[in-house]
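Working through the structure, step by step
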Amino acid sequence: MHTSRVPRPRVRRFRLRNGLEVLLAPNPASPTASVWVWYRVGSKNEHPGITGGAHWLEHMLFQGTPKYAKGEIDRAILSVGGLLNAFTDLDYTAYFATVPREHLDVLIDIEADRMTRALLMPKEVDRERTVVLSEREGNENWPEFRVEEELYELAFRRHPYRWDALGYRTDIEHMGAEDLRGYYRRFYGTRNAVLVVSGGFDPRAVERDVHRQFSPLPAGGADPTVREVEPPARGERRSTLSGPGTTPLIAIAYRSPSIDERSAPATMLIDVLLGGETRIFSAGGRSRSGEHPGARLYRALVDPGLAVRATSEWRARVHPGLFTVYAQASAGVALDRVETAIDGVLDRLARKGPTDAELSEARTKVRRGAALAYEGATRAGYRLGYFASIMPPGFEDRLYRELLATRSSEIRDTARALFSKDQRAVVRYEVVGGLSVD
Amino acid sequence: MEYGNHDAGLRLLRQSPPAGAASASITYVGPAGYGFDPAGGEGIARMVARLVTCAAGPFGRVALARELDRAGATLTSQIAPESAEITIWGPAAGWESLLELLSHAVLRPRFDSEDIERVQRQLRESQLRELTQPAHRAERELFRTIFPLGHPYRETGWGSARSVGRIDRSRLARFHSEHYTAEGGVLVATIPAPLKRLERASARWRGPFARARAPSSLRPRPVPGHRLVREVEMAGRSQTEVHVGGPSIARNREEFPAAFLANEVLGGRPLLSRLFQNIRERAGLAYHASSDLEAMRLGGYWIAQAGTNPGSARRVAALLIGEVDRMGNELVRARELDQIRESAIGEMALSLETTPTAHELAVDLAYHDLPADYWLGWPSTLRALRPRSIREAAALALDGRRAATVLAGPLA
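All values derive from a computational prediction rather than experimental measurement. (Residues numbered from 1 in each chain as written. Chains lettered and ligands numbered in written order. Predicted model: local features only at pLDDT ≥ 70, side-chain atom pairs only at ≥ 80, totals over all residues.)

**Here's the deal with the overall build of chain A**
Regarding its fold elements, chain A presents 15 helices and 11 strands. Here the C-alpha atoms of chain A give a radius of gyration of 23 Å, agreeing with the 22 Å that 2.2 N^0.38 yields for 438 residues. In terms of its C-alpha atoms, chain A occupies a principal-axis envelope of roughly 60 × 55 × 45 Å. With 438 residues in all, chain A has 55% of them scored as buried. Put simply, 81% of the contacts in chain A that link residues at least 6 apart link residues at least 24 apart. (Helix = DSSP H or I, 4+ residues; strand = E, 2+ residues; numbered from the N terminus. Rg over C-alpha atoms; globule rule 2.2 N^0.38 Å. Buried ≥ 20, exposed ≤ 12 C-beta atoms within 10 Å, placed from the backbone. Contact = placed C-beta atoms within 7 Å.)

**Quick notes on the domain arrangement of chain A**
All names here are of chain A. Once the domains are mapped, chain A shows domain 1 (12-214) and domain 2 (237-431). Placing a centre on the C-alpha atoms of domain 1 and another on those of domain 2 gives a separation of 28 Å. Taken together, the 33 residues of domain 1 in the interface contact 28 residues of domain 2. Elements with a minimum of two residues in the side of domain 1 that touches domain 2: β2 (21-26), β3 (32-39), β5 (93-100), α5 (143-155) and β6 (193-199). Here the side of domain 1 that touches domain 2 gets nine residues from one element, more than from any other, and that element is α5. (Domains from an automatic or database assignment.)

**Let's talk about the interface of chain A and chain B**
Counting residues at the interface gives 59 residues for chain A, matched by 62 residues for chain B. Mapped onto the side of chain A that touches chain B, the elements with two or more residues apiece are α2 (72-78), β5, α4 (122-140), α12 (356-371) and α13 (377-390) of chain A.

**Here we look at the sheet that holds strand β1 (residues 2-4) of chain B**
All names here are of chain B. Taken together, six strands build an open sheet; the order of strands is β1-β2-β6-β3-β5-β4 and the sheet is mixed. The open sheet has two edge strands with one neighbour each: β1 and β4 (74-79). Sheet twist, expressed as the average angle between the axes of neighbouring strands with direction ignored, equals 20°. Inspection of the sheet shows β1 paired to strand β2 (residues 11-15) by three bridges, in the antiparallel sense. Bridge pairing in β2 links Gly4 to Leu12. (Pairing = 2+ DSSP bridges. Axes fitted to C-alpha atoms, helices over the stretch in contact; angles between N-to-C directions.)

**Some details on the domain arrangement of chain B**
Residues and elements named next belong to chain B. Domain boundaries in chain B define domain 1 (2-211) and domain 2 (228-409). Each partner contributes residues to the interface: domain 1 has 32 residues there, and domain 2 has 35 residues. Sorting the residues of the side of domain 1 that touches domain 2 by element identifies β1, β2, β3 (23-30), β5 (84-91), α5 (134-146) and β6 (186-190) as the ones contributing at least two each. The leading source of residues in the side of domain 1 that touches domain 2 is α5, at nine residues. In terms of residue class, the side of domain 1 that touches domain 2 is made up of 18 nonpolar, seven polar and seven charged. (Nonpolar A, V, L, I, M, F, W, Y, C, P; charged D, E, K, R; others polar.)

**Things to note about α5(A)**
Residues and elements named next belong to chain A. Compared with the 18 Å implied by 1.5 Å per residue over 13 residues, the 18 Å span of α5 between its first and last C-alpha is a close match. Within α5, the full set of buried residues consists of Pro143, Arg146, Val147, Glu148, Glu149, Leu151, Tyr152, Leu154 and Ala155. The elements touched by buried residues of α5 are α4, β7 (237-243), β8 (249-256), β10 (321-329) and β11 (424-431). (Expected span 1.5 Å × (residues − 1).)

**Topic: the sheet that holds strand β7 (residues 228-233) of chain B**
All names here are of chain B. On the basis of which strands lie adjacent, the open sheet formed by five strands has the order β7-β11-β8-β10-β9 and mixed pairing. Two strands lie at the open edges of the sheet, namely β7 and β9 (286-295), each paired on one side alone. Each strand of the sheet is rotated relative to its neighbour by a mean of 15°, with strand direction disregarded. Pairing between β9 and strand β10 (residues 300-308): eight bridges, direction antiparallel. Directly across from Ala289, in β10, lies its bridge partner Ala306. Against the sheet, α5 contacts β7, β8 (240-248), β10 and β11 (404-409), and its axis sits at roughly 150° relative to β11.

**Observations regarding the packing of helix α4 (residues 113-132) of chain B against α5(B)**
Residue and element names in this part refer to chain B. The interhelical angle for the contact between α4 and α5, taken along N-to-C directions, is 85°, at an axis separation of 5 Å. It follows from the interaxial angle that α4 and α5 lie roughly perpendicular. Along the contact surface, α4 presents Arg129, Glu130 and Leu131, while α5 presents His136, Arg137 and Arg140. Split into classes, the residues belonging to the contact of α4 with α5 amount to one nonpolar, one polar and four charged. (Parallel < 35°, antiparallel > 145°, perpendicular 65-115°, else oblique.)

Here you go:
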């Protein structure tokens, strides 16, 4: 027997009058407390000219408010042994900090303050420009980043999923403080935010504190809904990159459903069947070095020596996104052979669906992945905020139930619709300047 | 945390999972690091560490993966110059099954031929990655510059296509039997059960494993004592990696706590450290700028590093070495020291948030044979340190005079 709910701490969920959504998940045994603020805006809310602005703004929210001068947010949290960070995605931007439980107050104060009062001083914005450029340059050193960036460029022509959250280099070079300020004023505000507090705290005291700190904020945050709809492609799109690296890479992306579409659970299970795990329900995020020897891509590509790694990835997104298959060829193996093998794997799944044994194993993975997903205040805060920022209450449990109830025929039919060659984008990366390791 | 007994010489350490945690972790650490790679067989330690998690005992590769999935567990390996760690993580209620699976991996790896061939292919790709990726290349060249031929920290353990190609099943089995031993090894368990039960359950860890003697210790050779700079031109990349580093002290040295704190001030403490503050926050020259101190049983090394635009690489190298020198030449101001110290102490609470993070503390403690109450005394140890002892430890353990600098990437 297994539960049809994801095991998680009890959550009190409410909304302030200004629209801020609040989730409190107390765990009296926890020595730590974690505060997360998720904004339902990300790089999808940029436009050409300000790409990378959401991410740059995320950096700037650590650079000072009238109350917390530059560096004081870091010092306030780190000096008590806390950790803090933030990240920007296509769909959302999240800020978090975890501290020993007795220091929780300061986190709520910081998040309320920087929701609307970040300084964004031109001098500091300019100084941070080289830091975000450096972050981008560091990523560009990896062929995998170049391939993924090219893949999204190729697959999307209208939708803002087209560019990476790091933005185009030329936009970063030309944007200024006013651009960041415009984005901040427009989108950052209570109506677009989810506040999560998890871990060791007194829920009544924290609820009072949340009201005291956040209720005075004006209702703000423009509707972040993206209206652009990516039109169907008129055939397969291909691109070849070349540069330094180890062995050739190939990435194939198919148009995929959004997280709330009916075929989302089957798409997630296709990810498990092909690549061995699915991001949302993987066992604690600690995989066996990314190796899933039972997965179909692994068996078809890595076992016979065509590739040194092969996997799939479906990132659940608010809008229709991409289901991607990646492979890195073994030394001396041509990408044509790798691509033919990938096509064979996808074709077989689309024709016959998974076996009963495979489906049972995939469900086991999902159940086990869910079992420990909420361990620790930080992870609990992440997970609660992630789901609350992209979907309505109860969504995680509904998704979980549907995952466990999806039939083989639904997976086959979804695979058939998903793996349409005229709707795919293919990027190859060829290595130049080959090296020998002897 | 409490130590236990295993009559074959394997040391045991047990602790309970943090309050509210539902997972357990168990780790075997053995004297099986890549510093033990034999001449001509470079890469063997990494191969064994990978292969023990692939197929073991009655389980072939796919069967083991299924068994782990059924248990909701993950099995991973990590390797360093002196040691290899094999860790299983999964639901706390099933810790005895986890221990059983771990025992198969550590004691009875299969070394099936198709797994050997696959791992050889993967290692060859990793060797290329080390040569073509600026961050990896900088680290490789740094170690080769700091440590002389034959030193166990000189190589990074990936070997060459030729050396990995020569490794066959019998060599793997021999390396395994000589290095995955009870003597010289530790078994650390973060489980919801008393020590007695762990002792009983681990009593089954016997056979050749228990009879083998630990390998004779690695003997690091002396390290040259002068500054060197190496530049590795790597065209076609966007960023240049700058690594500065040198030899350091062993973990059991009495100066370690002060050296630890000196490294935290230099670049080890995220966001607060001097490297982060000066290179990123003030100068805007890099996204990442940090330092690491790796203190092992026999010795150690330190690295200060940053990734930067090629046009800034030499300036960043000068800033890195300048901050290293400052640590050994000047006293840390009391306010700066207090802030870093309290941050390091406060972080202990965060380590008790999940089983994996709490488990890491226990593994570190057991491997270095520290007293069971070591972490309880850590805050007072750190608070007793004064600026003078920090400076002296920095001069010893983060010695800029014996540092090498490597720039890998496009060079302006």
